[in-house]
Every structure is written in structure tokens, then in C-alpha cells.
Amino acid sequence: MSVLKIVVLRLIEIITILAIGLLLTVYILSPIYENFGIQFTGNVWVNWFGVSYILFVFYSLIVGLCIYKESELHKHRFTSVLFWLLFIGSNYVIFIPFIKG
């Protein structure tokens with residue numbers, strides 16, 4: 001596959017994950033927060049990024065472990081410390097309001 005096709009496919013993947021993350025944030029996470037009495041105002045984009053990144057991690061795990069087992073991109077991604085630190089940070093951003101109330 002040519003480099004241009006790979007770049008375009010990665011860009012489409014990123015835009016799709018961001019769009020799905022936005023939809024999940026607005027239509028699912030917002031009502032869940034409000035049902036628990038948590039205000040869903042302020043830095044909503046941080047929650048959007050958190051949801052999108054969690055989706056990205058799950059997508060990477062499914063694709064990297066099931067479909068492209070020998071992909072160098074996924075091997076480097078899974079061994080990256082920043083990849084996992086951002087995943088932990090995203091989970092913190094999404095779930096800590098439930099703990100704090």
C-alpha cells in the first residue's frame with residue numbers, strides 16, 4: 001500500500017473516532033453525569049478527548065491483537081509509555097467525577 005493511502009486511512013480513522021467520541025459524549029455521557037447529579041459544564045472538550053481516546057485504545061487493541069498481529073505500528077503503540085499514560089489519564093478524567101460526587 002502506498003504511503004499516501006496509509007496516511008489517508010489513518011486520518012479517516014482518527015476523524016471517525018473523534019466523531020463517535022463526540023456523539024458518545026453529548027448523547028450518552030452527558031445524561032449519565034446529569035443522572036448522578038454531576039454538572040456537565042466547563043471543559044466538555046476534555047471529556048470528549050477522554051472518551052475519544054478510550055475508544056482509540058479499544059480500537060487499537062482490537063485491530064492490533066486480532067487483525068494486524070504483525071503490524072509494527074501497533075507493536076510500537078502497545079509498548080509506548082505515553083500511549084498508556086494517556087489512557088490512564090482519560091479514564092481519570094471520565095470516572096473521577098463519580099468518585100468525587
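All figures in this text were calculated on a predicted structure; none of them were measured in a lab. (Residues numbered from 1 in each chain as written. Predicted model: local features only at pLDDT ≥ 70, side-chain atom pairs only at ≥ 80, totals over all residues. Heavy atoms only, no water.)

**Details of the side chain of Ser52**
Okay, step 1: On the secondary structure map, Ser52 appears in helix α2 (residues 44-67).
Okay, step 2: Residues contacting Ser52, with those up to four places away along its chain left out, are Ile17, Leu18, Gly21 and Leu22. (Helix = DSSP H or I, 4+ residues; strand = E, 2+ residues; numbered from the N terminus. Contact = heavy atoms within 4.5 Å.)

**What about the packing of aromatic side chains?**
Okay, step 1: Here the structure, examined in full by the defined rule, presents 11 aromatic pairs.
Okay, step 2: Ring geometry for Phe78 and Phe83: centres 6.4 Å apart, planes at 65°, overall edge-to-face.
Okay, step 3: Between the aromatic rings of Phe83 and Trp84, the centroid separation amounts to 4.9 Å while the plane-to-plane angle is 85°, which identifies the pairing as edge-to-face.
Okay, step 4: Here Trp84 falls in the partly exposed class, since its relative accessible area comes to 29%.
Okay, step 5: In this structure an aromatic cluster arises from ring pairing among Phe49, Tyr53, Phe56, Phe58, Phe78, Phe83, Trp84 and Phe87. (Phe/Tyr/Trp six-rings, centres within 6.5 Å; stacked < 30°, edge-to-face > 60°. Buried < 20%, exposed > 50% of the residue type's maximum accessible area, 1.4 Å probe, protein only.)

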